[in-house]
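Inside the fold
Okay, here's what each chain looks like letter by letter:
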There are 2 protein chains.
Amino acid sequence: MASDGFRPLDDKSLAEYIKATPSLSSKLGNQIDELQIKEVGDGNLNFVYIVTSPSGSFVIKQALPYIRCIGESWPMTKERAYFEAVTLKEHGRLCPDHVPEVYHFDRAMSLIGMRYLEPPHIILRKGLIAGIEYPLLAEHISEYMARTLFFTSLIYHTTTEHKQAVAEFCGNVELCRLTEQVVFSDPYKVSQYNHWTSPYLDRDAEAVREDNTLKLEVAELKSMFCERAQALIHGDLHTGSVMVTSDSTQVIDPEFAFYGPMGFDIGAFVGNLILAFFAQDGHADPKNDRKAYKDWLLRTIEETWNLFHKKFTALLDKHKDGSGEAYLPAIYNNPQLQQLVKQKFMSDLFHDALGFGAAKMIRRIVGVAHVEDFESIADAGVRADCERRALDFAKMLLKERRKFQGITEVVSAIQKVH
Amino acid sequence: MASDGFRPLDDKSLAEYIKATPSLSSKLGNQIDELQIKEVGDGNLNFVYIVTSPSGSFVIKQALPYIRCIGESWPMTKERAYFEAVTLKEHGRLCPDHVPEVYHFDRAMSLIGMRYLEPPHIILRKGLIAGIEYPLLAEHISEYMARTLFFTSLIYHTTTEHKQAVAEFCGNVELCRLTEQVVFSDPYKVSQYNHWTSPYLDRDAEAVREDNTLKLEVAELKSMFCERAQALIHGDLHTGSVMVTSDSTQVIDPEFAFYGPMGFDIGAFVGNLILAFFAQDGHADPKNDRKAYKDWLLRTIEETWNLFHKKFTALLDKHKDGSGEAYLPAIYNNPQLQQLVKQKFMSDLFHDALGFGAAKMIRRIVGVAHVEDFESIADAGVRADCERRALDFAKMLLKERRKFQGITEVVSAIQKVH
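Right, let's walk through the structure included here. The model shown is predicted, which means the values in this text are computed figures rather than measured ones. (Residues numbered from 1 in each chain as written. Chains lettered and ligands numbered in written order. Predicted model: local features only at pLDDT ≥ 70, side-chain atom pairs only at ≥ 80, totals over all residues. Heavy atoms only, no water.)

Describing the overall build of chain A
The line we're drawing: Per the convention used, a helix needs a DSSP run of H or I reaching at least four residues, while a strand needs a run of E reaching at least two, with both numbered from the N terminus. A radius of gyration in this sense is built from C-alpha atoms; the matching globule rule multiplies 2.2 Å by the number of residues raised to 0.38. Three labels apply to residues, based on accessible area from a 1.4 Å probe with only protein chains included: buried if under 20% of the type maximum, exposed if over 50%, partly exposed otherwise in between. Contacts were defined at the residue level, with two residues in contact if any of their heavy atoms lie within 4.5 Å. Areas reported here follow the Shrake-Rupley algorithm with a probe of radius 1.4 Å; residue values treat only the protein chains shown as occluding.
Looking only at helices and strands, chain A has 15 helices and twelve strands in total. Taken over the C-alpha trace, chain A has a radius of gyration of 22 Å; the compact-globule value for 418 residues is 22 Å, and the two agree within 12%. With the C-alpha coordinates of chain A rotated into their principal frame, the extents come out at 60 × 60 × 40 Å. Within the span of chain A, comprising 418 residues, buried residues form 61% of the whole. Restricting to contacts in chain A with at least 6 residues of sequence separation, those with at least 24 account for 74%. Counting only carbon and sulfur atoms, one obtains 50% of the accessible surface of chain A, whose full area is about 15,700 Å².

Below, the structure is given as structure tokens:
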């Protein structure tokens, strides 16, 4: 054991750890001699174990002091587990239906014990690749976003509550820096970590690195990401951070959480749905042309924003006489003004979300970490065609985002690409 | 002595304190038996003593746990002295010519010992009321703003440095809350602290409270003030926070400092110069119509922004290959793009500054704390006329700020009021 109390676990030492930890062993009905442990971490960063016994289960997630998918050559603070645990608890308190419960947190061990999202839960991204429709997805994710973003912002908080929380999450700086690098920097310059479907997209990747207008817009988004402490955002809300069944939607992996711009979460989710859309042609086969599924994806994109808009503005209405600092009831004291405030807030947020969503799309095509939506398309030429359409759309969206008045116009623009 | 080590000093106990504090007594050549102590605090918040001996001098500033000009009924953390001392040292390191040196800081006592700005130094606001021209003022204050704002922003800082500093200054939340209240909230609602030149401006004050468009814009500025950690700003850079002679400009009283939007400092200074301009007609007399002085004020407003622009963009050029996170040299790698980035940054900052400046003007006419520029106009009718012109201009500037392309247009608009 290192002097800081940290030791990386394996199947065997984890079993010992569980036996010594009542908050975990009790979840197994104390049937700890019959427990089964399976390492399943397929993400980029951490080790994840499913632990089951005949009468219970949970997941153990341990952060190691480097990025798993790169290796020890890219160190990364294991303190991220602390910010993940705090955020799971806070977002879980605000939206318990869509955040798994935390049973146990060990800061020294960077270890979280939490609800096992049992089958048929799968990672949403895998469902989207398989062409599965989730009729409640937009409803659920918009609920999660509306509640977590609203209740951690100054619309609901006093300044005192807000600044204290902002200060704490400034500690998650290493994860913020990682996002700054892989989302806002590397795709726009030559970087050893960048890759793309070569040689097909060589010229496209070069064009991203040579696009002054694009870089100017990215600078604005990066500045907002770094400077604007608007709400406790998830920080990595792509379709790989959501687990789903036909009637359950669970948001996981908020280790990138910090007080940042709300649009970053909304954009991450919507941007990844758009990526899923552009990947569908690569998954079509003679039995399934994916046309109906593409329509469902577009409907889900539209509904996600529209339901978020509805839920968020409903929270604004409901709490308009609350103690949030942003819109004091004694000032914003007439329906016409309240309407103006809502419209301006939602319009600005919409444009932020489009900008961040586009940036998240671009980085998944020419940056370090790609998405399985495209990677699973075996034919490189087909994959490159899908990726190029997504990339071109994202570049347009990032540059022209302020011209879009609503999500319907965005969906129309997506449809026009094909 | 209170259990936290704090005790409010008076002339006598301060003398004892100085004798027991080598960093202070040494500044007096240890001639502590001949020291003279004079309380001179005329600000809103603190007690200030000038301490002199035949061979040296300094100023002692002590924060008490309430707001001096209101009394013990408005408590205010004395920890503000800590943030003032940290900022004096940091801004002093960045711009030693225009920030008084700190000799001593006692956190438990909320006490700062610093350079005595000897006569003929006076508070700039008093000089502006007296009609004194300061030919180097724009040069000096633009130097102070350019250096302090540039070097504490992400244009120069890494994210790691930035977030650590942001987190620390989140602790100055009580002073931030005071600004939120008196600048962005109280003037736009009924508040016991508001006052104005009554009955002349009764209808004007009411109009501010009923102006939906104005309130919508103020919400945006308040959100930026609360959320955007752009640089370590002074936080209260009006003309009462600057001491001047014909060849010296010294910025004092940064107890409101925190990581906030750069435009708040620039706007505070420029907005108070505009207030000084609109007050001049109230100071005119048969011997001096103040016309030439008003021209000097307008020139100084114009030069302050233009010199700030020149100095800030020169710093951008000079450090374009530095380690700041905002504009990585590998991305912003061609002169055309660098030019675009500069233009966009300065244009956004200009509009922020106009907005904040206008908000600072409004609050000085219908809010709690007024300015001597107007208060010293004895005839209430004359005073109200001056204030109304300033208020109307500020309302227009706040609402229409994005239409102004440069400071020359702002000066033209000011001239058109008369």
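There's more to say after this.
Some details on helix 3 (residues 80-94) of chain B
Residue and element names in this part refer to chain B. Spelled out, the test is: In a helix, the anticipated span is given by 1.5 Å times the number of residues less one.
With 15 residues, helix 3 extends 21 Å from end C-alpha to end C-alpha; this agrees with the ideal 21 Å at 1.5 Å per step. Burial analysis of helix 3 places twelve of its 15 residues in the buried class, which makes it a mostly covered element. The complete set of buried residues in helix 3 reads Arg 80, Ala 81, Tyr 82, Phe 83, Glu 84, Ala 85, Thr 87, Leu 88, Glu 90, His 91, Gly 92 and Leu 94.

Thoughts on the relation of the copies chain A and chain B
Each of the two chain copies can be generated from the other by rotation about an axis followed by a shift along it. Convention followed: The atoms used to superpose the copies are C-alpha atoms, taken from residues with pLDDT of at least 70 in both, and the fit is least squares.
Superposing chain A onto chain B takes a rotation of 180 degrees combined with a translation of 0.0 Å along the rotation axis, leaving an RMSD of 0.0 Å. Interpreted geometrically, this transformation is the action of a two-fold axis. A share of 100% of interface residues in chain A that are also interface residues in chain B marks the association as one of identical surfaces.

What about the packing of helix 8 (residues 202-209) of chain B against helix 14 (residues 380-400) of chain B?
All names here are of chain B. The cut-off we apply is this: Only the stretch in contact is used when a helix axis is fitted, and all axes are lines through C-alpha atoms; the angle between N-to-C directions ranges over 0 to 180 degrees. When an angle is under 35 degrees it counts as roughly parallel; over 145 it counts as roughly antiparallel; between 65 and 115 it counts as roughly perpendicular; any other value is oblique. The handedness criterion is simple: a crossing whose near helix is rotated anticlockwise from the far helix by less than a right angle is left-handed, and one whose near helix is rotated clockwise is right-handed. Amino acid classes used here: Ala, Val, Leu, Ile, Met, Phe, Trp, Tyr, Cys and Pro are nonpolar; Asp, Glu, Lys and Arg are charged; the rest, including Gly, are polar.
Direction vectors running N to C along helix 8 and helix 14 enclose 15 degrees, while the axes themselves pass 11 Å from each other. In terms of axis orientation, helix 8 runs roughly parallel to helix 14. Note that helix 8 runs across helix 14; the crossing there is left-handed. Within the contact between the two elements, helix 8 uses Asp 204, Ala 207 and Val 208 and helix 14 uses Arg 388, Leu 391 and Lys 395. Grouping the amino acids of the contact of helix 8 with helix 14 by side-chain chemistry returns three nonpolar, no polar and three charged.

Comments concerning helix 5 (residues 137-151) of chain B
All names here are of chain B. Taking 1.5 Å as the rise per residue, helix 5 with 15 residues should run 21 Å; its terminal C-alpha atoms sit 21 Å apart, in good agreement. Most of helix 5 sits inside the fold, with twelve of its 15 residues counted as buried. If you check which residues of helix 5 are buried, you get Leu 137, Ala 138, His 140, Ile 141, Ser 142, Tyr 144, Met 145, Ala 146, Thr 148, Leu 149, Phe 150 and Phe 151.

Points about the sheet that holds strand 11 (residues 249-251) of chain A
Threshold: Two strands make a pair as long as DSSP finds a minimum of two bridges between them.
Read from one edge of the open sheet, three strands run 8-10-11 (chain A), paired in antiparallel fashion. Across the chains shown, the open sheet's two edge strands, defined by having one partner strand only, are strand 8 (122-123) and strand 11 of chain A.

A word on the nonpolar core
Note the cut-off: Buried Ala, Val, Leu, Ile, Met, Phe, Trp, Tyr and Cys residues that are joined via side-chain atoms within 4.5 Å together make up what is termed a nonpolar core.
Membership of the largest hydrophobic core comes to 254 residues, with the highest contact counts inside it found for Phe 308, Phe 312 and Phe 374 of chain A together with Phe 308, Phe 312 and Phe 374 of chain B. In contact with Phe 374 of chain B, other than residues within four places in its own chain, are Leu 275, Phe 278, Ala 279, Ile 365, Arg 383, Cys 386, Glu 387 and Ala 390 of chain B. In terms of nonpolar packing, the next biggest core, distinct from the first, is built from 21 residues, Phe 6, Ala 15, Tyr 49 and Leu 64 of chain B among them.

Looking at unusual backbone geometry
For the peptide bond that leads from Pro 119 of chain A to Pro 120 of chain A, omega is 10 degrees, which places it in the cis range. In this chain, Ser 198 of chain A is followed by Pro 199 of chain A through a cis amide linkage whose omega measures 5 degrees. Inspection of the secondary structure puts Pro 199 of chain A in the loop between helix 7 (173-185) and helix 8 (202-209). In this structure, Ser 110 of chain A is a non-glycine residue whose phi angle is positive, near 50 degrees. Tracing the sequence through the fold places Ser 110 of chain A in the loop between strand 6 (102-106) and strand 7 (111-114). On the accessibility criterion, Ser 110 of chain A (2% relative accessible area) is buried. Positioned with a positive phi, Asp 253 of chain B is a non-glycine residue whose angle comes to about 60 degrees. Following the sequence through the fold, Asp 253 of chain B ends up in the loop between strand 11 (249-251) and strand 12 (258-260).

Things to note about the pairing of strand 2 (residues 47-53) of chain B
Residues and elements named next belong to chain B. The element strand 2 is largely enclosed, with a buried count of six among its seven residues. In this structure, strand 1 (residues 36-39) lies alongside strand 2, joined through four bridges in antiparallel fashion. If you follow Ile 37 over to strand 2, its bridge partner there is Val 51. For strand 2 and strand 3 (residues 56-62), the ladder comprises seven bridges, and the chain directions are antiparallel. Counted as the bridge partner of Ile 50 is Val 59 from strand 3. What sits between strand 2 and strand 3 in their antiparallel hairpin is a turn of two residues.

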